[in-house]
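# Notes for the structure review
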Amino acid sequence: MTVTVRFAPSPTGLIHIGNSRTALFNWLFAKKHGGRFILRFDDTDLERSRREYADAIERDLAWLGLVPDRMERQSERLEIYDAAVQRLKDAGLLYPCYETADELDRRRSRARALGRPPVYDRAALRLSDEQKALFEAEGRKPHWRFLLPNFDQDPEQIRRTDESWEDLCRGPQTIDLGSMSDPVLVRENGAYLYTLTSIVDDIDMGITHIIRGEDHVANTAVQLAIFRALGAEPPVFGHHNLLTTADGEGLSKRKGALSIGSLREDGLEPMAVASLAVLTGTSHAVEAVATMDELGDRFDLAGVSRSSAKFDPHELVGLNARLVHAMPFSVVSSRLCDLGIQAEEDFWLTVRENCERVSDAHLYWQIVKGTVEAEVDPEDRDFLVAARRLLPDGPVDASTWKTWTDALKAETGRKGRGLFMPLRRALTGLDHGPDMGALLPFIGQQNILDRLP
Ligand code: GLU
């Protein structure tokens, strides 16, 4: 069977780096097994789902290099959910309930006060047809619950029912269905809940592995039962730890925290984001990995740690810098053009190690081609006047800096910082930057002379 996975965001906001961890895990798993990656929008919540978020998610994934083999929207698949609901009703596994939200709240509080778990007591199963008709006559609409298989003959005699699975990340897992409420699968207004639609789609799309965040572990036992009720063999599950910031705070989609879009706009490389998203909280060190293939080599769900995956957003810049420092010209040339940098390879190779982001090259391009405003320290004035006079004649090349500074050293007796720093400041306006010997030919004779007093 072809390995088939899905990333199933609800398009109710932008995806952040934590969501991208789930997407990347699925993508890398599919690649590793020669499988398929489906992007499925869980957009049955019509009030909160927005097409523009779905489009943004698609764009963000493409930026990370994730192009789905198939894309689906749940809002366009309602008929297949209708059929599944009918099937469960026919099997007596989906039953109507008429309690209002307030009534359910009160029952839960009462159960808690009595020291009992706040589990739905299946009172609706005892309703006669007349009682149901009365509720309907009052204008109440039922919501529908799935009857969990946690009893022998009598649904009111709930017993411990262990549902177990071998989790790809967490190892053996067991949850007692006897401690859970029958899940609502259809709301009063007829809307289908994610628990149902997700399973119906997972079956229909032939999903072999469900890889998602550990916030879904508690849903899994219920979902396993629903898979079986719909006559399907459940897929394999893997629940990975969630990314949190260093202080343990989770990332919220709605806060827009560390959204993929904002990281892209910040000039970060997709592989810096992917490296951090994938390697944090695993048995591998977090380092900048240049290609998805190399990242795939390090990816292993069994190596995902059980504790939370803490990260410091500032690490992204460091990872980014390491990628940029080693980036070949062929990879950046068109981006340099877009930045207005008409440079050749040797310019990029000269400046890349001083760039945290590719866009930083623009600063050095300005320095070599534009104007530089630098204040001359009065103490350095005579030195710079001498420098102007001693600049070797002829075109500036790779040897010019050495010849020039040797001559200046001999004449002025300056050395080290006192020799180099005033020149660097006058010629670039900066205290740090690329190797001056390599940069000088790009600045060129005329600019050098213009920047010296
Ligand atoms: N729409 C669900 C979410 O965004 C998907 C969970 C799952 O992968 O089953 O959390």
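Keep in mind it's a predicted model, so treat the numbers as computed, not measured.

Extensive coverage of helix H9 (residues 270-279) is indicated by the burial of ten of its ten residues. Residues Pro 270, Met 271, Ala 272, Val 273, Ala 274, Ser 275, Leu 276, Ala 277, Val 278 and Leu 279 constitute the buried set of H9. Of the residues one or two after H9, Gly 281 is the one with positive phi, at around 65°.

Once that is clear, we can look at the nonpolar core. If you look at the biggest cluster of nonpolar residues, it comprises 86 residues, and the most contacted ones within it are Ile 17, Leu 66, Leu 295, Phe 347, Trp 348, Trp 404 and Ile 448. Among all residues touching Leu 66, those that are not within four sequence positions of it are Ala 23, Leu 24, Trp 27, Phe 37, Leu 61 and Met 292. Ile 38, Ile 210, Val 217 and Ala 232 belong to the second-largest nonpolar core, a separate cluster that totals 32 residues.

Taken as a whole and judged by the stated rule, the model has 32 salt bridges. Notably, a salt bridge pairs Asp 45 with Arg 48, separated by 3.2 Å at the nearest N-O pair. Note on Arg 48: relative accessible area 41%, which makes it partly exposed. When salt bridges with common partners are traced through the structure, they connect Arg 6, Arg 40, Asp 42, Arg 70, Glu 72, Arg 77, Asp 201, Asp 202 and Asp 204 into a single cluster.

Every residue near the ligand is listed here: Arg 6, Ala 8, Ser 10, Asp 42, Tyr 194, Arg 212 and His 216. Within the contact set of the ligand, a nitrogen atom lies 2.8 Å away from a side-chain nitrogen or oxygen of Asp 42. Separating an oxygen atom of the ligand from a side-chain N or O atom of Arg 212 is a distance of 2.9 Å. Here the ligand, which alone exposes 300 Å², has 81% of that area covered by the protein. Looking at the shell around the ligand, its residues break down into two nonpolar, two polar and three charged.

Moving on: unusual backbone geometry. If you check the backbone angles, Arg 122 has positive phi at about 65° while not being a glycine. Relative to the helices and strands, Arg 122 is located in the loop between helix H4 (101-113) and helix H5 (129-137). Overall, the relative accessible area of 1% leaves Arg 122 in the buried class.

The next point concerns the environment of Asp 293. For Asp 293, the position within the fold is in helix H10 (residues 292-298). Remark: the alpha-carbon pair of Asp 293 and Ala 218, spanning 75 residues in sequence, is separated by 33 Å.

Moving on to the environment of Thr 245. With respect to the secondary-structure elements, Thr 245 resides in strand E11 (residues 243-245). Judged by relative accessible area, Thr 245 falls into the buried class, the value being 16%. For Thr 245 and Ser 305, which are 60 residues apart along the polypeptide, the C-alpha to C-alpha distance reads 16 Å. Contact partners of Thr 245, with chain neighbours within four places excluded, come to Leu 251, Lys 310 and Phe 311.

Our focus in this paragraph is the UniProt feature "domain: Aminoacyl-tRNA synthetase class I anticodon-binding" (unreviewed entry) in the protein. If you check UniProt for "domain: Aminoacyl-tRNA synthetase class I anticodon-binding" (unreviewed entry), the listed places come out as residues 378-452 in our numbering. Each end of residues 378-452 is marked by a C-alpha atom, and these two atoms are 13 Å apart; helix forms 69% of the span and strand 0%.

For the rest of this paragraph, the subject is the layout of surface pockets. In this structure, the second largest pocket spans a volume of roughly 450 Å³. Every residue lining the second largest pocket is counted, 17 residues in all, and those nearest its centre are Ala 111, Pro 117, Val 119, Tyr 120 and Asp 121. Top contributing element to the lining of the second largest pocket by residue count: H4, with five residues. For the lining of the second largest pocket, the per-class residue count stands at eight nonpolar, three polar and six charged.

Closest axis-to-axis distance for the helix H16 (residues 400-412)/helix H17 (residues 416-428) pair is 11 Å, and the angle between their directions is 125°. The angle between H16 and H17 places the two elements in the oblique class. In terms of crossing hand, the pair formed by H16 and H17 is right-handed. On the side of H16, the interface is formed by Trp 401, Trp 404, Thr 405, Leu 408 and Lys 409, while H17 contributes Leu 419, Phe 420, Leu 423 and Leu 427. The residue inventory of the contact of H16 with H17, partitioned by class, reads seven nonpolar, one polar and one charged.

Parameters and conventions
Residues numbered from 1 in each chain as written. Predicted model: local features only at pLDDT ≥ 70, side-chain atom pairs only at ≥ 80, totals over all residues. Heavy atoms only, no water. Buried < 20%, exposed > 50% of the residue type's maximum accessible area, 1.4 Å probe, protein only. Helix = DSSP H or I, 4+ residues; strand = E, 2+ residues; numbered from the N terminus. Core = buried A, V, L, I, M, F, W, Y, C linked by side-chain atoms within 4.5 Å. Contact = heavy atoms within 4.5 Å. Salt bridge = Lys/Arg side-chain N within 4 Å of Asp/Glu carboxyl O. Near = heavy atom within 4 Å. Polar contact = N/O pair within 3.5 Å; in protein donor to acceptor, adjacent residues only side chain to side chain. Areas by Shrake-Rupley, 256 points an atom, 1.4 Å probe, with all protein chains shown as cover. Nonpolar A, V, L, I, M, F, W, Y, C, P; charged D, E, K, R; others polar. UniProt positions renumbered as here; feature names shortened; annotations may be inferred. 1 Å grid on protein atoms, 1.4 Å probe; cavity = no way out; pocket = protein on both sides within 12 Å on 5 of 7 lines; lining within 4 Å. Points joined across faces, edges and corners; volume = space filled by probe spheres on them. Axes fitted to C-alpha atoms, helices over the stretch in contact; angles between N-to-C directions. Parallel < 35°, antiparallel > 145°, perpendicular 65-115°, else oblique. Left-handed = near helix turned anticlockwise from the far one by under 90°.

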